[in-house]
Amino acid sequence: MIDRRALGKTIGAGTAAASLAGWFSSSPASAATATPSVPSGSTPSTAGRTTGRTSFESLKQVRAGELNIGYAEVGPAKGPVVVLLHGWPYDIHSYVDVAPLLAAEGYRVIVPYLRGYGTTTFRSAKTFRNGQQAVVAVDIIALLDALRIEKALLGGFDWGARTADIIAALWPQRCKALVSVTGYLVTNREKNKQPLPPAAELAWWYQYYFATERGELGLAQYGHDFAKLIWHNVSPTWQFDDATFDRTAKAFENPDYVGIVIHNYRWRLGLAAGDPRYDGIETKLAAGPAIAVPTITLDGELDPFTPAGDGSAYRAKFTGPYDHRALDGIGHNVSQEAPEAFAQAVLDADRL
């Protein structure tokens, strides 16, 4: 069990923390034979500073659906499975401190690069570089199939939370429990046509920049600077160093990174078409399906995308066993800013 006194310091008020089976099938593929490895080198986490583990010792690759997915794996091979999903502009290093905490509790932790990031690549040059929400969830279902994992605990933030939410809603038989940062993030494109108050729109400024040709060129030319600016804006108290950022920024050198990111944000605004193969899934998602699996939602106090109301804005979407936790002094990248709190949420969700 994670030390609850340390956890209290992470979550406590007034403190800053350091911390398709139904639609598609995929044939099992051979994963790399490297054994699970624990990230190397650790120092205690302290509030406001980036410390702790720096990397996963090795990566694996597996053919899954349209992709060759790169992923880190930590913990016992026969342990209960946790799949942790990153967002934009982040990568698997968002979980470099979370994964060993869960592995120490006996979990097999899998942290994949999403399509367009890191070592995850398309198997065919002809495949549509699609970033719509349904296809990212289909990728993770294909990953579970390829690794012959029937059911896993799912955790994520940003794109990762949306993906985990979708799987929990539409494939609950594949999701044992859920940890979702910022709650219910399933995109409704019709609602996205409605304006938000100006302060809320300001937080999404890059979404509108990406809607332009200038924005696409800007992301291609200044991708690393762009991501670092986002990190500072959405995690204002997280004092990460250049080495921490640079480890993640390597994931943006994927040749499909710009295309996937641009398509994702344009699709959300109805400015780009998705793949007709996923229309059935998107129709289900547009209806806002409830999530019945055991769930813990996390909100970072300083995350500009956290809705007001301490989780009340999305509470009705979770109909099963449920808990909500607000993290004082934490921004958007909860798993890297507050790894103890995130890991404890996974352990507790498994016990709901």
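Residues numbered from 1 in each chain as written. Predicted model: local features only at pLDDT ≥ 70, side-chain atom pairs only at ≥ 80, totals over all residues. Heavy atoms only, no water.

Visitor: Lay out the side chain of T187 in plain terms, naming residues and giving numbers.
Guide: Locating T187 in the fold gives a position in the loop between β7 (175-181) and α5 (198-203). For T187, a relative accessible area of 9% translates into the label buried. (Helix = DSSP H or I, 4+ residues; strand = E, 2+ residues; numbered from the N terminus. Buried < 20%, exposed > 50% of the residue type's maximum accessible area, 1.4 Å probe, protein only.)

Visitor: Which residues make up a nonpolar patch on the surface, and what are the values?
Guide: Taken together, L202, W205 and L229 make up a surface patch of nonpolar side chains, about 300 Å² in accessible area. Its location among the elements puts L229 in helix α8 (residues 223-234). Note on L229: relative accessible area 40%, which makes it partly exposed. (Patch = residues over 30% accessible without salt bridge, like charges linked within 9 Å, V, L, I, M, F, W, Y side chains within 5 Å. Areas by Shrake-Rupley, 256 points an atom, 1.4 Å probe, with all protein chains shown as cover. Salt bridge = Lys/Arg side-chain N within 4 Å of Asp/Glu carboxyl O.)

Visitor: A description of helix α7 (residues 213-221) should follow, citing residues and the corresponding values.
Guide: The α-helix advances 3.6 residues per turn, and as a result positions three or four apart in sequence lie on the same side. Within α7, the full set of buried residues consists of G215, G218 and L219. Angularly, the buried residues of α7 cover 95° about the axis, an arc narrow enough to put them on a single face. Looking at α7, the residues exposed on the side facing more than 90 degrees away from the buried face are E213, L217, A220 and Q221. (Arc of directions from axis to C-beta.)

Visitor: If you had to explain the packing of aromatic side chains to someone new, which residues and values would you point to?
Guide: Counted by the stated rule, this structure contains 30 aromatic pairs. A ring pair is formed by W88 and F226, whose centres lie 6.2 Å apart and whose planes are at 50°; its orientation type is tilted. With W88 in the loop between β3 (81-85) and α2 (98-103) and F226 in helix α8, the pair connects residues that are 138 residues apart, well separated along the chain. F226 shares its class with W88; the two are buried. (Phe/Tyr/Trp six-rings, centres within 6.5 Å; stacked < 30°, edge-to-face > 60°.)

Visitor: Give a detailed account of the environment of G288, specifying residues and quantitative values.
Guide: Relative to the helices and strands, G288 resides in the loop between α11 (279-286) and β8 (295-300). Look at G288 and you get buried, because its relative accessible area is 17%. On a C-alpha basis, the gap between G288 and I166 in space is 9.7 Å, while along the polypeptide they are 122 residues apart. Among residues more than four places away in sequence, those in contact with G288 are Y184 and K317. (Contact = heavy atoms within 4.5 Å.)

Visitor: Run through the nonpolar core, naming residues and quoting values.
Guide: Membership of the largest hydrophobic core comes to 104 residues, with the highest contact counts inside it found for W88, L102 and F342. In terms of residue count, the dominant contributor to this core is helix α3 (residues 133-146) (11 residues). Setting aside residues up to four positions removed in sequence, L102 forms contacts with V82, L84, Y107, V109, A343, V346 and L347. (Core = buried A, V, L, I, M, F, W, Y, C linked by side-chain atoms within 4.5 Å.)

Visitor: An account of unusual backbone geometry is requested, with residue identities and associated values reported.
Guide: Here W88 and P89 are connected by a cis peptide whose omega angle stands at -5°. In this structure, P89 sits in the loop between β3 and α2. For D158, which is not glycine, the phi dihedral falls at a positive 60°. Within the secondary structure, D158 is located in the loop between β6 (152-156) and α4 (159-170). Of note, the phi angle at D310 is positive, near 50°, even though the residue is not glycine. Mapped onto the fold, D310 is located in the loop between β8 and β9 (322-327). On the basis of relative accessibility, which here comes to 53%, the residue D310 falls in the exposed class.

Visitor: If you had to explain the pattern of salt bridges to someone new, which residues and values would you point to?
Guide: Taken as a whole, this structure holds 15 salt bridges when the rule is applied. One salt bridge connects R266 with E216, and the closest N-O pair in it is separated by 3.5 Å. Taken together, the positions of R266 in helix α10 (residues 257-268) and E216 in helix α7 put the pair 50 residues apart, joining distant regions of the chain. Judged by relative accessible area, which is 18%, R266 ranks as buried. Given the relative accessible area of 32%, E216 is considered partly exposed.

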